[in-house]
Amino acid sequence: MQGQLDRRRLLAGAGAALLVAAVEGCGVQALGARPQSLRKSSLKLARLRATTDRITQITVCTRPFRAQGPRVEAEQIGQKTIVHNYGHGGSGWSLSWGSSAIAVQKAMAVGEREVAVIGCGAMGLTSALLLQRAGARVTIYAKDLPPNVRSSLASGLWTPDSRICFEEHATPQFKQMWENMARQSFRTYQNLLGLPGNPVEFIDNYFVSDEPNDASRPRLAADTRPRFAELQRELIADLIPRSEEFVPGSHEFGARYLRRNTMMMFNITAYAHLLISDFLAAGGKIEIAEFHAPGELAKLREKVLINATGFGARALFGDESVIPVRGQLARTIPEPDVGYGLFYKRVSFVPRRDGLVFQVVGDDDYYGFDDDSTAPNRAEAELAVNTIAGLYPAA
Ligand SMILES: Cc1cc2nc3c(=O)[nH]c(=O)nc-3n(C[C@H](O)[C@H](O)[C@H](O)COP(=O)(O)OP(=O)(O)OC[C@H]3O[C@@H](n4cnc5c(N)ncnc54)[C@H](O)[C@@H]3O)c2cc1C
């Protein structure tokens, strides 16, 4: 009987988890149909020093969301072929290698061997490296370089369907493209594991709740807003490790419910450094330049350009389909002993080696939607840290 109850509870929990699957940094991945296992063994986790005096930085950034998904297509403007590669919402790092591979194929198809990349974030850097590997001579032109790009302000988890498009635009053709992007990126990331500085690694993430099924508030019938597409479970469930459940009392978070997922994490400082170093070592050039209108691109010597300007494409190309989705990170002093992530009461904690990351992620993917304000909110940062601190028994 107890076994049946536990099983029912776990299945309900898995269903509820899907509701929050697309929030990057939430510590929950869309789960496949595979059964979860119930663990009763005790779990020991290094205690996190989650105190607000350890906040070193509060950063705000806007995700470049497009209802119809990323724009990866070629456009002829005057003498130039511009291959767009922007609008990846909350999935830019996660999809970068696969999306840039498509952009590079389109750029190389023109037949030129000198190619410009506009932008030096996740998309610009991966486009530039893949162009070099395809035999091109590449110059990156960008207003800002890491760490002063939006990509440097991401949570740093492999979340390939986070705010990637609205469900109504997830056509079979889109799904095919997304799956290719996700799989190619995942494969590429496996070759970046185990490197000095740990640019990429796997971590355990614990989804903690006070109630057995407390994964997300149910969507109200009156909520007629478009739904964000959730694609992982349908298309790449085989890439997602099975989750495990820990019963209340078998871990240090007391009478709470715990579900463990394993996820890929990017230590963005080390990772961006690696990408730039590899690009320069292969003869790549970087020039600081800001463009205010597409016409200004005519001055560049290259005939083929990859446009990887992210949220900047909204102003540069007048593309108002790019919608800002605000996200704020509170960064605290690194703690090398803490190698696990947490999600509790709509707050995510990511154990990045380049600074621990605390983030209020809200009830759903509309949190921060159409908000381009970039002023840091100290109260929100402290709420994030204090919520996670509340998990640990008083010292
Ligand atoms: C809070 C938060 C958390 C996130 N977490 C994750 C996560 O965990 N995993 C994940 O995969 N994604 C995450 N994302 C999403 C990810 O950060 C973005 O999708 C990604 O950064 C987009 O990269 P990009 O290269 O397109 O753009 P950017 O990083 O914005 O790079 C754009 C480049 O273009 C340049 N540029 C722009 N305009 C111009 C111009 N007019 N002239 C010259 N240069 C210009 C910029 O200087 C910059 O170099 C998160 C985003 C936010 C906000």
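Whatever comes next refers back to the structure up there.
Conventions and cut-offs
Residues numbered from 1 in each chain as written. Predicted model: local features only at pLDDT ≥ 70, side-chain atom pairs only at ≥ 80, totals over all residues. Heavy atoms only, no water. Salt bridge = Lys/Arg side-chain N within 4 Å of Asp/Glu carboxyl O. Helix = DSSP H or I, 4+ residues; strand = E, 2+ residues; numbered from the N terminus. Pairing = 2+ DSSP bridges. Axes fitted to C-alpha atoms, helices over the stretch in contact; angles between N-to-C directions. Contact = heavy atoms within 4.5 Å. Expected span 1.5 Å × (residues − 1). Buried < 20%, exposed > 50% of the residue type's maximum accessible area, 1.4 Å probe, protein only. Phe/Tyr/Trp six-rings, centres within 6.5 Å; stacked < 30°, edge-to-face > 60°. Near = heavy atom within 4 Å. Polar contact = N/O pair within 3.5 Å; in protein donor to acceptor, adjacent residues only side chain to side chain. Areas by Shrake-Rupley, 256 points an atom, 1.4 Å probe, with all protein chains shown as cover. Nonpolar A, V, L, I, M, F, W, Y, C, P; charged D, E, K, R; others polar.

**Regarding the pattern of salt bridges**
Across all of its chains, the model carries 24 salt bridges by this definition. For Asp204, the salt bridge is made with Arg260, and the minimal N-O distance between the two is 4.0 Å. Of this pair, Asp204 sits in strand β7 (residues 200-209) while Arg260 sits in strand β9 (residues 257-266), and the two are 56 residues apart along the sequence. Within the structure, one salt-bridge network assembled from shared partners comprises Glu114, Arg137, Arg301 and Glu302.

**Things to note about the sheet that holds strand β3 (residues 71-77)**
A sheet is described by the order of its strands in space; here 6 strands give the open sequence β3-β4-β11-β5-β6-β10, paired in mixed fashion. Across the chains shown, the open sheet's two edge strands, defined by having one partner strand only, are β3 and β10 (285-288). Geometrically, the sheet is characterised by an average inter-axis angle of 20° between neighbouring strands, direction not taken into account. The pairing of strand β5 (residues 114-118) with strand β6 (residues 137-142) spans 5 bridges and is parallel. Paired with Val115 across the strands is Val138, a residue of β6. The strands touched by helix α6 (residues 268-281) are β6 and β10; relative to β10, the strand with the most contacts, the crossing angle is about 115°.

**Re helix α4 (residues 172-190)**
The periodicity of an α-helix, 3.6 residues per turn, causes residues three or four positions apart to be oriented the same way. The terminal C-alpha atoms of α4, which comprises 19 residues, lie 27 Å apart, in line with the 27 Å expected from a rise of 1.5 Å per residue. Of the residues making up α4, those classed as buried are Phe174, Trp178, Glu179, Met181, Ala182, Ser185, Phe186, Thr188 and Tyr189. Buried-residue contacts for α4 involve β3, α2 (92-108), β7, α5 (232-235), β9 and α6.

**A short note on the packing of aromatic side chains**
What characterises a pair of aromatic rings is the spacing of the ring centres plus the angle enclosed by the ring planes. Taken as a whole and assessed by the stated rule, the structure comprises 20 aromatic pairs. On the numbers, 6.5 Å between centres and 70° between planes, the contact of Tyr141 with Phe291 is edge-to-face. You can see Tyr141 sitting in strand β6 and its partner Phe291 sitting in the loop between β10 and β11 (304-307), a full 150 residues away along the chain. Members of the aromatic cluster, connected to one another through ring pairs, are Phe65, Phe166, Phe228, Tyr366 and Phe369.

**A closer look at the site of the ligand**
Looking at the ligand, there are 38 residues lining it, with Cys61, Gly89, Ser94, Ser151 and Leu157 nearest. Measuring from an oxygen atom of the ligand, one finds a side-chain N or O atom of Ser94 at 2.7 Å. At 3.0 Å from an oxygen atom of the ligand is found a main-chain nitrogen or oxygen belonging to Met123. Across the complex, the protein chains shield 97% of the 1,000 Å² of accessible surface that the ligand would expose by itself. When contributions to the shell around the ligand are tallied by element, the ones reaching two or more residues are β2 (55-65), α2 and α3 (122-133). Taken together, the residues of the shell around the ligand sort by class into 15 nonpolar, 17 polar and 6 charged.

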